[in-house]
Amino acid sequence: MQDKAQQDQPRAEAEDASAASSVGPTKRVFIKTYGCQMNVYDSQRMGDALAAAGYAPQDEAENADLVILNTCHIREKAAEKVYSELGRLAPLAAAKKRNGGKMAIAVAGCVAQAEGEEIMRRQPLVDVVVGPQAYHRLPEMAARARSGARTVDTEFPTEDKFDHLPTPKTARRLAPTAFLTVQEGCDKFCAFCVVPYTRGAEVSRPVRKILAEAERLVTGGVREITLLGQNVNAYHGAGEDGVDWGLAQLIRRLAEIDGLDLIRYTTSHPRDMDDALIAAHAEIPKLAPYLHLPVQAGSDKVLKAMNRGHTAADYVRLVERIRAARPDIALSGDFIVGFPGETEEDFEATLALVREVRYAQAFSFKYSSRPGTPAADRPQIDEAEKADRLARLQALLGEQQRAFMEACVGREMPVLIEKKGREQGQMVGRSPYLQPTHLLAPAESRGEILRVRIVGAGTNSLAAELV
Ligand code: SAH
Ligand code: SF4
Ligand code: F3S
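Residues numbered from 1 in each chain as written. Chains lettered and ligands numbered in written order. Predicted model: local features only at pLDDT ≥ 70, side-chain atom pairs only at ≥ 80, totals over all residues. Heavy atoms only, no water.

1. Some remarks on the overall build of the chain
At step 1: The number of helices and strands found in the chain is 14 helices and 21 strands.
At step 2: In terms of overall size, the chain behaves like a compact globule, its C-alpha atoms giving a radius of gyration of 22 Å where 467 residues would be expected to give roughly 23 Å.
At step 3: Dimensions along the principal axes, computed over C-alpha positions, put the chain at roughly 60 × 55 × 50 Å.
At step 4: By residue count, 57% of the 467 residues in the chain fall in the buried class.
At step 5: Counted over contacts in the chain with a minimum sequence separation of 6, partners at least 24 positions apart contribute 73%.
At step 6: Here the chain displays about 19,200 Å² of accessible surface, and carbon together with sulfur accounts for 50% of that area.
At step 7: Looking at charge distribution, the chain has the averaged site of its 60 positive side-chain charges lying 3 Å from that of its 64 negative ones. (Helix = DSSP H or I, 4+ residues; strand = E, 2+ residues; numbered from the N terminus. Rg over C-alpha atoms; globule rule 2.2 N^0.38 Å. Buried < 20%, exposed > 50% of the residue type's maximum accessible area, 1.4 Å probe, protein only. Contact = heavy atoms within 4.5 Å. Areas by Shrake-Rupley, 256 points an atom, 1.4 Å probe, with all protein chains shown as cover. Lys, Arg positive; Asp, Glu negative; His and termini not counted. Charge placed at Lys NZ, Arg CZ, Asp CG, Glu CD.)

Okay, here's the thing in structure tokens:
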């Protein structure tokens, strides 16, 4: 998963968030989310847990009683953002104090997990540092903060945090699309990546709990669910029959829920893309024809140094099998350029792989050395060289994205309408391939799946007409 929270903003945010504030004395919480969709999901659950403790959500930090920064540690830039944001909060906290109040500040997420107490040392303003496995204890920590205590909690639990985090309320009307975390953590240890350290070992939630949550979401008006996991296709949770189920079997069971029309999952690792999951793409109409399948690089030497556990040819063969099962599937990927040891020739192998696979969408990054990961101490590639490779890769990926968008023009497809657009009478939804799609439609069509014809393609979105 990537730094997508900003681009792909909380599609699953509850519409009427204020409904939760009707109980108890009203304190106000502002939650700012960085990083991947898992963080978006976690922020929503923290919001639910705090609502139960009398906190109403608000969408700005000013005058809040509690500010939570749900952070990302994946690249250096992502991690540094939290400190600049804390700097911006300082005058707001001081103003609150002058008025006799207290703005408690909590740092959550992967920076919290990775840096722990160091955050307290670097920024005295912070009252709570809470890692992703301890969110169920957040209301208690917030209460302690109000009486002046500072808390660091980055324990990996022996208990399941999801047992304590409230699941989404159904009394309020939910957005038509929601995230649902089914798996957390990672055992793959790619040489560049912090996730196995910040999120811990792979853990899958039991099928029973996932079904209960999905059913509650659907009752609340959700029609599309995106199953989340750092390694979602490594899912192996206890099934209804007591035996472990894989992701394909979980999706098959979820597809039986009436009113749930579309199922997606992210992020997948090529090594865990098994026959059953590929078959699911051929056999389950509710499973969206879209797959985020990061490869990172196209050179076998680099893939080996990254500890990815597959070659470029393995990946290409896998893509062929997936396309044989579901010919219209749109592929998306993640790429890293300038990994330690990557030569110009290695980089060209990445370009060659991209040309061969053809992506509908992709995310690409300059390698960023992360403390504590195996690649951190290897000789680094020059920054300017990394920037040059990134620009060349992005030019190619951009071309492929445009070609994919343009190939949609003239086609008919179902679009799940999510919200009003900027222009009068306009609504915005998502195509099956996850492209934002604009069209003129009645406001009541929110939450409907409309049949549309694509009439225009921009860089990042489509224009459509009702059929
Ligand atoms: N679990 C997912 C991705 C997790 S991180 C997977 O296995 O693919 C999201 C993306 O961030 C990664 O796919 C990778 O492309 C990028 N990334 C991770 N660590 C990075 C680093 N140190 N420098 C640059 N990009 C990184
Ligand atoms: Fe990170 Fe690799 Fe695990 Fe993905 S599979 S989360 S890139 S260690
Ligand atoms: Fe970032 Fe943690 Fe997600 S490091 S990408 S928020 S798992």
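2. Side note on the site of ligand 2
At step 1: Ligand 2 sits among Cys186, Lys188, Phe189, Cys190, Phe192, Cys193, Val195, Pro196, Asn231, His269 and Arg308.
At step 2: Class assignment for the residues of the shell around ligand 2 results in 7 nonpolar, 2 polar and 2 charged. (Near = heavy atom within 4 Å. Nonpolar A, V, L, I, M, F, W, Y, C, P; charged D, E, K, R; others polar.)

3. Some words on the sheet that holds strand 18 (residues 426–430)
At step 1: Pairing is mixed in the closed barrel, where 5 strands are placed in the order 17-18-19-21-20. On average, each strand axis in the sheet is tilted by 55° relative to the strand beside it, whichever way the strands run.
At step 2: Two elements, strand 19 (residues 436–440) and strand 21 (residues 462–466), share 2 bridges in a ladder whose sense is parallel. Note that in strand 21 the partner of His438 across the bridge is Ala463.
At step 3: Contacting strand 17 (412–420), strand 20 (449–457) and strand 21, helix 14 (residues 383–408) runs over the sheet at an angle of about 120° to strand 20. (Pairing = 2+ DSSP bridges. Axes fitted to C-alpha atoms, helices over the stretch in contact; angles between N-to-C directions.)

4. Describing helix 14
At step 1: The end-to-end C-alpha distance of helix 14 is 37 Å, a good match for the 38 Å that 26 residues give at a rise of 1.5 Å each.
At step 2: Buried residues of helix 14: Lys386, Arg389, Leu390, Leu393, Leu396, Leu397, Gln400, Gln401, Met405 and Cys408, and no others.
At step 3: In this structure, the buried side of helix 14 is in contact with strand 15 (330–337), helix 13 (344–357), strand 16 (361–366), strand 17, strand 20 and strand 21.
At step 4: In the segment just after helix 14, Gly410 is the residue with positive phi, at about 95°. (Expected span 1.5 Å × (residues − 1).)

5. Some points on the packing of aromatic side chains
At step 1: Across all of its chains, the model carries 5 aromatic pairs by this definition.
At step 2: Feature note: the residues Phe192, Phe339 and Tyr367 constitute an aromatic cluster, connected by ring pairs.
At step 3: Sitting above the plane of the Tyr41 ring, Arg45 keeps its charged end 4.7 Å from the centroid.
At step 4: Sitting over the ring of Tyr83, Arg122 keeps its end group 3.5 Å from the ring centre. (Phe/Tyr/Trp six-rings, centres within 6.5 Å; stacked < 30°, edge-to-face > 60°. Lys NZ or Arg CZ within 6 Å of the ring centre and 35° of its normal.)

6. Section: the nonpolar core
At step 1: Among the nonpolar cores identified, the biggest contains 94 residues, and Leu227, Leu254, Tyr265 and Tyr359 are the most heavily contacted of them.
At step 2: With near-sequence residues (within four places) excluded, Leu227 lies in contact with Leu180, Val182, Val232, Leu247, Leu250, Ile251, Leu254, Ile263, Arg264, Tyr265 and Thr266.
At step 3: Counting residues in each nonpolar core, the second largest holds 26 residues, with Cys36, Leu138, Met141 and Leu165 among its members. (Core = buried A, V, L, I, M, F, W, Y, C linked by side-chain atoms within 4.5 Å.)

7. Points about the packing of helix 12 (residues 312–325) against helix 13
At step 1: One can describe the packing of helix 12 onto helix 13 by two numbers: an axis separation of 11 Å at closest approach and a directional angle of 10°. Between helix 12 and helix 13, the angle falls in the class roughly parallel. On helix 13, the residues that touch Ala312, Tyr315, Val316, Val319 and Arg323 of helix 12 are Leu353, Glu356 and Val357.
At step 2: Residue classes in the contact of helix 12 with helix 13 are distributed as 6 nonpolar, no polar and 2 charged. (Parallel < 35°, antiparallel > 145°, perpendicular 65-115°, else oblique.)

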